[in-house]
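The chain contents come next:
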Amino acid sequence: MKIYVDSADISEIESALALGLCDGVTTNPTLIAKTGKSMEQAIKDICSIVDGPVHAEVLSLDEEGIFKEGLELSRISDNIVVKIPMCHDGLKATKRFSEEGIDTNVTLIFSASQAILAAKAGASNVCPFVGRLDDISVTGTDLIDEIVSIFDNYPEIDTKIIVASVRSPMHVIDSALIGADIFTIPGKVLTQMEKHPLTDAGIAKFLEDAKKFT
Ligand code: E4P
């Protein structure tokens, strides 16, 4: 199991690193915009503290643009994974990156058919978004179940499944029970995963009782 931090916030990433909870980082344009930095600077800053894969997303939607932008991103650091929105030209660019030996993440996956196409195009990773499916009253983790089952049926597929748009610890638990490869988790959800009210109550009671020691 690998846990990535879904963030471009350096302090959030550092907190996860300190707990051994940062096998990699995923970013997207929304997360980069929150930092107030340029894409290049934000990605450089993350790569300066993270040894694992750092996923950086292209903005272009045409094959040549995606390929050019992806190459520029991949030159920032050896651990860059080029994140490509799921689209027709994105699949063509994914195939080219695969031939060049550059790792990719086909993102914004909302159906098993999209995941199959991305895998066949040579994507190193697919990124199904569970939270955004839940938002439209579709059970996001059912998609994880489908993709895991399909990929398991074909051992030649080595595309990893990154569970994205994680909004709660239940998304992680359900996807882990299914057997997803990687979870990309925002700092807030990592903190929620630590907590249980019975743990807090148990600690409080032990400390209270410790005052009675002779
Ligand atoms: C990660 O790679 C995705 O971009 C991210 O998990 C999306 O999360 P959101 O749906 O909460 O914006």
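Located above this text is the structure these notes cover.
Only a predicted model underlies this, so the values are computations on that prediction, with no experimental measurement involved.

## Digging into the site of the ligand
Close to the ligand lie Asp6, Thr26, Asn28, Lys83, Cys127, Phe129, Arg132, Ala164, Ser165 and Arg167. In this structure, an oxygen atom belonging to the ligand sits 2.5 Å away from a side-chain N or O atom of aspartate 6. Arginine 132 is positioned with one of its side-chain polar atoms (N or O) 2.6 Å from an oxygen atom of the ligand. Here the ligand loses 84% of its free accessible area of 350 Å² to cover by the protein chains. When its residues are assigned to classes, the shell around the ligand shows 3 nonpolar, 3 polar and 4 charged.

## Side note on helix α9 (residues 169-178)
For α9, the set of buried residues is His171, Val172 and Ser175. Looking straight down α9, one finds that the buried residues subtend no more than 95° of arc, so they occupy a single side. Check the buried side of α9 and you find it contacts α7 (130-135), α8 (140-153), β7 (160-163), β8 (182-185) and α10 (187-194). Two residues or fewer after α9 comes glycine 179, characterised by a positive phi angle close to 105°.

## Let's talk about the nonpolar core
Formed by 53 residues in total, the largest nonpolar core has its most connected members in Phe97, Ile147 and Ile185. The residues contacting isoleucine 185, other than those within four sequence positions of it, are Ile3, Tyr4, Val5, Asp6, Val166, Val172, Leu190 and Met193. Grouped together as the second largest cluster of nonpolar side chains are 6 residues, Tyr4, Phe129, Ile162 and Ile182 included.

## Considering the sheet that holds strand β5 (residues 104-109)
Within a sheet, each strand pairs with its neighbour through backbone hydrogen bonds, oriented either parallel or antiparallel. Strand order in the closed barrel formed by 8 strands is β1-β2-β3-β4-β5-β6-β7-β8, and the pairing between neighbours is parallel. Pairs of neighbouring strands in the sheet enclose a mean axial angle of 30°, with direction left out of account. Lying over the sheet, α10 contacts β1 (2-6) and β8, oriented at roughly 105° with respect to β8.

## Side note on the pattern of salt bridges
Scanning the model with the defined rule gives 13 salt bridges in all. The partner of lysine 83 in a salt bridge is glutamate 57, and the shortest N-O contact between them spans 3.5 Å. Separated by 26 residues along the polypeptide, lysine 83 in strand β4 (residues 80-85) and glutamate 57 in strand β3 (residues 54-57) bring together distant segments of the chain. Of the two residues, lysine 83 and glutamate 57, both sit in the buried class. Between glutamate 208 and lysine 211 there is a salt bridge, with the nearest N and O atoms lying 3.1 Å from each other.

## Structural notes on the packing of aromatic side chains
If you walk through the whole model with that rule in mind, you get 2 aromatic pairs. Ring centres of phenylalanine 67 and phenylalanine 97 lie 4.8 Å apart, and the angle between their planes is 35°; on these two criteria the pair is classed as tilted. Placement of the pair is phenylalanine 67 in helix α4 (residues 63-74) and phenylalanine 97 in helix α5 (residues 88-100), with a sequence separation of 30 residues. You'll find phenylalanine 67 and phenylalanine 97 in the same group, each marked buried.

## So, α4
The terminal C-alpha atoms of α4, which comprises 12 residues, lie 16 Å apart, in line with the 16 Å expected from a rise of 1.5 Å per residue. Within α4, burial applies to Glu63, Gly65, Ile66, Phe67, Glu69, Gly70, Leu73 and Ser74. Close packing links the buried residues of α4 with α3 (39-47), β3, β4 and α5.

Rules of the game
- Each chain carries its own residue numbering, running from 1 in the written order of its sequence.
- Under the rules for a predicted model, residues below a pLDDT of 70 receive no local features and side-chain atom pairs below 80 are neither given nor counted, while totals for whole chains, interfaces and linings still include all residues.
- Remark: hydrogens and water are excluded; side-chain values derive from all non-hydrogen atoms of the structure.
- Only heavy atoms are used to decide nearness, and a residue is near a molecule or strand if one of them lies within 4 Å of it.
- The definition of a polar contact used here is a pair of N or O atoms within 3.5 Å, where within protein one atom must be able to donate a hydrogen and the other to accept one, and adjacent residues in sequence count solely through side-chain atom pairs.
- The accessible surface values rely on the Shrake-Rupley method and a 1.4 Å probe; as for residues, cover is taken only from the protein chains in view.
- Three categories are distinguished: nonpolar for Ala, Val, Leu, Ile, Met, Phe, Trp, Tyr, Cys and Pro, charged for Asp, Glu, Lys and Arg, and polar for the others, with Gly belonging to the last.
- Throughout this description, buried means an accessible area under 20% of the type-specific maximum (1.4 Å probe, protein chains only), exposed means over 50%, and partly exposed covers the range between.
- By definition, any uninterrupted DSSP run of H or I lasting at least four residues is a helix, any uninterrupted run of E lasting at least two residues is a strand, and each is numbered from the N terminus.
- What the arc covers is the set of directions going from the helix axis to the C-beta atoms.
- Any two residues having at least one pair of non-hydrogen atoms within 4.5 Å are treated as being in contact.
- Nonpolar core, defined: a set of buried Ala, Val, Leu, Ile, Met, Phe, Trp, Tyr and Cys residues in which side-chain atoms within 4.5 Å join the residues together.
- Any two strands between which DSSP finds at least two bridges are classified as paired.
- Lines fitted to C-alpha atoms define the axes, with helix axes restricted to the stretch in contact, and inter-axis angles between N-to-C directions lie between 0 and 180 degrees.
- One side-chain nitrogen of Lys or Arg within 4 Å of one carboxyl oxygen of Asp or Glu is enough to make a salt bridge.
- Only the six-membered ring of Trp is used, alongside the rings of Phe and Tyr, when aromatic pairs are assigned; centres must lie within 6.5 Å, and planes under 30 degrees apart are stacked while those over 60 apart are edge-to-face, with the rest tilted.
- By this rule the span expected of a helix is its residue count minus one, scaled by 1.5 Å.

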